[in-house]
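Report on the structure
Residue strings, one per chain:
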Amino acid sequence: MGLFWKRKSGDQFVSLKLNEPLPEKTATSTAVETPETSADKGSRATAEGVSATSVREAQAIRPDLLTPSASVPGLEPVPSGAGPTPLPIEPVTPKVPAGEPHPPVSPRFSEATQAQVSRPRPVAPVPSRSPFATSVLGLNLSMEELQAQEAALEQEFSARFRRAVAATRESLSERLDTVFQGLKQIDENLLDELEEALIAADIGVATTHHILETVRRGVARKQINDLDALKQAIKDELLKILRHSEKQGVASETNLPENISPYVMMIVGVNGVGKTTTIGKLAQRIKAEGNDVLICAADTFRAAASDQLAIWAERTGVPLIQQKQGTDPAAVLFDSLKASKARGSDVLIVDTAGRLHNKSNLMAELEKMKRVAAKEVPGAPHETLLVVDAVTGQNGLEQARQFLKVAGVTGIVLTKLDGTAKGGIAVAIANELSLPIRYAGIGEKVDDLVVFDPELYVNGLFE
């Protein structure tokens, strides 16, 4: 499944520098050599002579003071977990007054003391796992555990995506099965019924005709002669359309230089398509991967817009820049860009007024915001995402056409994909507008906004 936000590619791995050699210490790093004059040499020689004489005199007076250190018992290193090497115990002789006999020293005293000292100290067992059981870096997991965890996430993501397009899959598969029931060969009547099935899934008239032309060529060449071959031909064409759309717009945030900061994402769309919810989910998921995110509440046209966005900002813990209702949206965006640069934010998500595509004054306001953004951050906005409700079907496609003319849309966020049997609208948008589907909403939870995967989507329609 990979990361949701991949711009911080260099920060995915943290180097602990455990295997790097320590810098070698040289004589030049610890002491500075200075030129020695003849007077200095004479003084050093005199000092060495005096020192040698002092040593000889000390040895003559107390030879035991300067004996080699071999007589001093040494401490041997012990393996990890064992007790320390005991020091040698000498018998303790009590002091008695002069003229009285010395009492004998009990050997049991020294033996008991020796046994007590020699007894190894109990060592606490070392845990086999790191105590940081929730390590973000996965340092507490083995490579096999990490691979198993990743495989489980992949399976969960695939299952959720299949459930999201279940209604569309059931409608399309049921129609295809009905079309093929009792037929032994593919003829024009079957292709006409297939056309109706694809249009009913909201794949679109133009896209459906393109697919049927491919199917007809396959039938003429005897390459398509049963239901399985027909489904595979349709899947191949749908996947080809979705892949081709990624060549336009912005298919991935990694397509832009990494030194861009902040990365400005402008979210546009009509009211009621889930724009505010999409912004909250985007902020949460991008922040969860270690990015500093800021939200700009530039929808000052609708009274409750800032309040709804403030709830999402508080829920996700992302700072929100907002002003009172009626403020120029471009001014709010300007303040947000300044704040984002001052705090070193990685991503700035800009909410805009929900507008209909036929409102010329609101569209002109959107153009002004784009000009302000480009002056403050080169190339901004780096992405302009149009939020489309999958339930609206072909009406959403018409909205996308109009926004593309004015707003310079670079990608689509398809919401409520799990709530419609017309999920084929994704293919229609990709084919007719050559715009990539960037994200898809497949539920109500925060993590139900996922990166759109064309292969999973197409497989989910026919499995």
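Note that the structure is a prediction, hence the values are computed from the model and not measured.

Turning next to helix H13 (residues 394-406). Across its 13 residues, H13 extends 19 Å between first and last C-alpha, which sits within 8% of the 18 Å expected from 1.5 Å per residue. In the segment just after H13, Gly 408 is the residue with positive phi, at about 65°.

Turning our attention to the environment of Ala 330. Summarising the element assignment, Ala 330 is placed in helix H11 (residues 329-343). By relative accessible area, Ala 330 is classed as buried at 5%. Considered as a pair, Ala 330 and Thr 352 are 22 residues apart in the sequence and their alpha carbons are 10.0 Å apart. The residues touching Ala 330, leaving out its near neighbours within four places in the chain, are Lys 368, Met 369 and Val 372.

Our next topic: helix H8 (residues 227-245). Since one α-helical turn is 3.6 residues long, residues separated by three or four positions face the same way. With 19 residues, H8 should cover 27 Å at 1.5 Å per step; its first-to-last C-alpha distance of 28 Å lies within 8% of that length. If you check which residues of H8 are buried, you get Leu 230, Lys 231, Ala 233, Ile 234, Lys 235, Glu 237, Leu 238, Ile 241, Leu 242 and Ser 245. Considering only its buried residues, H8 is in contact with helix H5 (166-180), helix H6 (188-200), helix H7 (205-220), helix H14 (425-433) and helix H15 (454-462).

Where H8 contacts H15, the axes come no closer than 10 Å and their chain directions differ by 150°. One finds that H8 runs roughly antiparallel with respect to H15. Considering the relative orientation of H8 and H15, their crossing is right-handed. Contacts from Lys 231, Ile 234, Lys 235, Leu 238, Leu 239, Leu 242 and Arg 243 in H8 reach Pro 454, Glu 455, Tyr 457, Val 458, Asn 459, Leu 461 and Phe 462 in H15. Considered class by class, the residues forming the contact of H8 with H15 number nine nonpolar, one polar and four charged.

A separate point is the sheet that holds strand S6 (residues 411-415). Spatial ordering of the open sheet is given by S3-S2-S4-S1-S5-S6-S7-S8, a layout of eight strands whose pairing is mixed. Strand pairing shows two members of the sheet lacking a second neighbour, strand S3 (320-321) and strand S8 (449-451), which therefore form its edges. Set on the sheet, H14 makes contact with strand S5 (383-389), S6 and strand S7 (437-441); between it and S6 the angle comes to about 170°.

Two measures describe an aromatic ring pair: the distance that separates the ring centres and the angle between the ring planes. Using the criterion set out here, one finds three aromatic pairs in the structure. Summarising the aromatic geometry, the rings of Phe 4 and Tyr 439 are spaced 5.1 Å apart at their centres and angled 25° between planes, so their arrangement reads as stacked. Linking Phe 4 in the segment before helix H1 (27-30) with Tyr 439 in strand S7, this pair joins segments that are 435 residues apart in sequence. Side by side, Phe 4 and Tyr 439 carry an identical accessibility label, which is buried. Ring centres 5.2 Å apart and planes at 45° place the aromatic pair Phe 452 and Tyr 457 in the tilted group.

All right, on to the packing of helix H9 (residues 275-287) against helix H10 (residues 305-316) then. For the pair H9 and H10, the least separation of the axes is 9 Å and the interaxial angle reads 20°. By the angle class used here, H9 and H10 are roughly parallel. As for the relative orientation of H9 and H10, their crossing is right-handed in sense. Within the contact between the two elements, H9 uses Thr 276, Thr 277, Ile 279, Gly 280, Lys 281, Gln 284 and Lys 287 and H10 uses Gln 308, Leu 309, Trp 312 and Thr 316. Broken down by class, the residue content of the contact of H9 with H10 amounts to three nonpolar, six polar and two charged.

In this section: the confidence of the model for the chain. Per-residue pLDDT for the chain has a mean of 75; in total, 66% of the residues score no lower than 70. Predicted confidence is poor over residues 65-75, with pLDDT under 50, and the contacts of this stretch with residues over four places away or in other chains come to six contacts. Within the model, the stretch residues 105-109 combines pLDDT values under 50 with three contacts to residues more than four positions away or in other chains.

Let us look at the nonpolar core. Grouped together as the largest cluster of nonpolar side chains are 101 residues, with contacts concentrated most on Leu 238, Met 265, Leu 282, Leu 333, Tyr 439 and Tyr 457. For Leu 282, the residues in contact, after removing those within four places along its chain, are Phe 4, Met 265, Ile 267, Ile 349, Leu 385, Tyr 439 and Leu 449.

This next bit is on the layout of surface pockets. Here the second largest pocket is characterised by a volume of approximately 200 Å³. Lining the second largest pocket are 13 residues, and of these Lys 281, Thr 415, Lys 416, Gly 443 and Glu 444 lie nearest its centre. Here the element with the most residues in the lining of the second largest pocket is H9; it accounts for three residues. Considering only residue class, the lining of the second largest pocket consists of three nonpolar, six polar and four charged.

Rules of the game
Residues numbered from 1 in each chain as written. Predicted model: local features only at pLDDT ≥ 70, side-chain atom pairs only at ≥ 80, totals over all residues. Heavy atoms only, no water. Helix = DSSP H or I, 4+ residues; strand = E, 2+ residues; numbered from the N terminus. Expected span 1.5 Å × (residues − 1). Buried < 20%, exposed > 50% of the residue type's maximum accessible area, 1.4 Å probe, protein only. Contact = heavy atoms within 4.5 Å. Axes fitted to C-alpha atoms, helices over the stretch in contact; angles between N-to-C directions. Parallel < 35°, antiparallel > 145°, perpendicular 65-115°, else oblique. Left-handed = near helix turned anticlockwise from the far one by under 90°. Nonpolar A, V, L, I, M, F, W, Y, C, P; charged D, E, K, R; others polar. Pairing = 2+ DSSP bridges. Phe/Tyr/Trp six-rings, centres within 6.5 Å; stacked < 30°, edge-to-face > 60°. pLDDT = per-residue confidence, 0-100. Core = buried A, V, L, I, M, F, W, Y, C linked by side-chain atoms within 4.5 Å. 1 Å grid on protein atoms, 1.4 Å probe; cavity = no way out; pocket = protein on both sides within 12 Å on 5 of 7 lines; lining within 4 Å. Points joined across faces, edges and corners; volume = space filled by probe spheres on them.

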